[in-house]
Amino acid sequence: MADKAQKRQRFESVYNILRDELLDYLRQEGMPHDAISWYHRNLDYNVPGGKLNRGMSVVDSVQILKGRPLDDTEYFKAALLGWCIELLQAFFLVSDDMMDQSVTRRGQPCWYRVEGVNYIAVNDSFMLEGAIYYLLKKHFRAEPYYVHLLELFHDTTFQTEIGQLIDLITAPEDHVDLSKFSLEKHQKIVIYKTAYYSFYLPVALAMYMCGIPHGADPSSDPYALAQSILIPLGEYFQVQDDFLDFAAPPEVLGKIGTDIVDNKCSWCVNTALALASPEQRKVLDENYGRKDKEAEQRVKALYEELGIREKYAEYEENAYKRIMALIETIPERPQAKGGEVTLKREVFKVFLDKIYKRQK
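Residues numbered from 1 in each chain as written. Predicted model: local features only at pLDDT ≥ 70, side-chain atom pairs only at ≥ 80, totals over all residues. Heavy atoms only, no water.

**Structural notes on the overall build of the chain**
For clarity, the cut-off: A helix here means a DSSP run of H or I that spans at least four residues, while a strand means a run of E at least two residues long, and both kinds are numbered starting from the N terminus. Just to be clear, the radius of gyration here is over C-alpha atoms, and the globule rule we use is 2.2 Å times residues to the power 0.38. Categorising residues by exposure relies on relative accessible area from a 1.4 Å probe, with only protein chains included: less than 20% of the type maximum marks a residue as buried, more than 50% marks it as exposed, and the intermediate range marks it as partly exposed. Residues scored as positive are Lys and Arg, those scored as negative are Asp and Glu, and His as well as the terminal groups of each chain are ignored. Charged groups are reduced to one reference atom each: NZ for lysine, CZ for arginine, CG for aspartic acid, CD for glutamic acid.
The number of helices and strands found in the chain is 14 helices and two strands. Since a compact globule built from 360 residues should have a radius of gyration of about 21 Å, the 22 Å found for the chain is in line with a globular shape. Here the C-alpha coordinates of the chain stretch approximately 65 × 55 × 40 Å along the principal axes. A total of 360 residues make up the chain; the buried ones form 50% of that total. Averaging the locations of the 44 positively and 54 negatively charged side chains of the chain gives two centres separated by 3 Å.

Following this line, the structure appears as structure tokens:
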């Protein structure tokens, strides 16, 4: 446990350096003191408070790929790329909370609900995104893979925004229409909204930093191979998240599940819709997405009746086998020419082991 806390502490120490670099840039440009202190508060409130899994997995992946501990310069660069993902995440969450009119995030009021912030949070979210490109330019401009980093962040941002659009128009909180839901649509949302930026992005950044080149064609491209493993992995993670929101006791999950009352386009409701008889469908139509404890209980009782727990157990086993089979297409002992870094199974196994059969 101490090791985990130390790892987090070391990673967080890089955030302080990067935040100060961003504030120094505003100072150099002669920005007024109140603008600098506002940006300072925006960064500190929205960027470092989460679990930091995405950011720290860049460092872990670089270390696995290189097969040795990183020196201080390598660690700083890997952690910087990790913090760029955390900035991207903060940009998404600040704006997402406004779109959803959420109340709290990470145990504190959402940024737009902080006194005096309100719609300034729109611009604040842009400034969190802008920080990514300032830091990449400052620290990676001379690297041969710089353009790859830029393209990766831009592509992933656009993919996530497309996923968010499908989610927003499919499942608005104030208008329940289950005819818009389907397992196919759910899959599109989770792949675009979550899997690319949470799973593919950290590993692809680590691969670029380690100098892994693209293959001549898609069949020999290590990035295409990584994507073919990490996107199903991200999909499995989100399906699991949806299931735990319904099935995990709040004291284990650490929060109270709200997907049913919030009209979320969740794996559970989409699976239920695919299995439901006309009478059961009527129960879903009348009770799903209602801000009413009894309606929520009726949906949960229907999930039990339809065997959602068993369906999930079956899904989980199949997903695990499918992803393991994909990981095993990577050679166990890759043949690397002197000094070259190649893709390793362990990068993906670490992700899968963290997720498989998790309870929260």
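**Observations regarding the pattern of salt bridges**
What counts is decided by this rule: The salt bridge criterion pairs a side-chain nitrogen of Lys or Arg with a carboxyl oxygen of Asp or Glu, the two atoms within 4 Å.
A complete count under the given rule lists 21 salt bridges for this structure. For the salt bridge of K291 with D262, the shortest nitrogen-to-oxygen distance reads 3.0 Å. Of this pair, K291 sits in the loop between α11 (278-287) and α12 (293-306) while D262 sits in the loop between α9 (250-253) and α10 (267-275); the two residues are 29 residues apart in sequence, bridging distant segments of the chain. For D262, a relative accessible area of 16% translates into the label buried.

**With respect to the packing of helix α3 (residues 53-66) against helix α7 (residues 183-209)**
For the record, the criterion: Fitted lines through C-alpha atoms serve as axes, helices being fitted only where they are in contact, and the angles separating the N-to-C directions of these axes extend from 0 to 180 degrees. Angle categories are assigned with fixed cut-offs, so that under 35 degrees is roughly parallel, over 145 is roughly antiparallel, 65 to 115 is roughly perpendicular, and the rest are oblique. Take the far helix as the reference: if the near one is turned anticlockwise from it by less than a right angle, the crossing is left-handed, and if turned clockwise, right-handed. By definition in these notes, contact holds between two residues if any of their heavy atoms fall within 4.5 Å. Think of it as three bins: nonpolar holds Ala, Val, Leu, Ile, Met, Phe, Trp, Tyr, Cys and Pro, charged holds Asp, Glu, Lys and Arg, and polar takes everything else, Gly as well.
Close contact between α3 and α7 brings their axes to 8 Å; oriented N to C, the two are set at 40 degrees. Here α3 is positioned oblique relative to α7, judged by the angle of their axes. Between α3 and α7 lies a crossing of right-handed hand. Across from R54, S57, V58, S61, V62 and L65 in α3, the residues of α7 making contact are Y197, S198, P202, V203, L205, A206, M207 and M209. Of the residues assigned to the contact of α3 with α7, the class counts are 10 nonpolar, three polar and one charged.

**Thoughts on unusual backbone geometry**
Its identity as a non-glycine residue notwithstanding, L52 has a phi of 65 degrees, on the positive side. Relative to the assigned elements, L52 resides in the loop between α2 (33-46) and α3. Exposure remark for L52: the relative accessible area of 2% places this residue in the buried category. Within the chain, Q101 stands out as a residue other than glycine whose phi angle is a positive 50 degrees. With respect to the helices, strands and loops of the structure, Q101 is situated in the loop between α4 (72-100) and β1 (104-105). Accessibility expressed as a relative area gives 53% for Q101, which makes it exposed.

**Some remarks on the state of the cysteines**
Formally: By definition, disulfides here are pairs of cysteine sulfur atoms that lie within 2.5 Å.
On inspection of all chains with the given rule, the structure shows zero disulfides. Summary of cysteine pairing: C84 is not part of a disulfide, and the nearest cysteine sulfur, belonging to C210, is at 16 Å. The cysteine C268 is free of any disulfide, with C265 supplying the nearest cysteine sulfur at 11 Å. Look at C268 and you get buried, because its relative accessible area is 1%.

**Remarks on a nonpolar patch on the surface**
Worth spelling out the cut-off: Like charges within 9 Å and nonpolar side chains (Val, Leu, Ile, Met, Phe, Trp, Tyr) within 5 Å are joined into patches, using only residues over 30% in relative accessible area that form no salt bridge. Method for areas: the Shrake-Rupley scheme with a 1.4 Å probe, in which residue coverage is limited to the protein chains shown.
On the surface, M99, L165, L168 and I169 cluster together into a nonpolar patch covering about 360 Å² of accessible area. In terms of residues, the nonpolar patch owes the most to one element, helix α6 (residues 146-170), which gives three residues. Position of L168 relative to the elements: it lies in helix α6. Residue class for L168 comes out partly exposed when judged on its relative accessible area of 33%.

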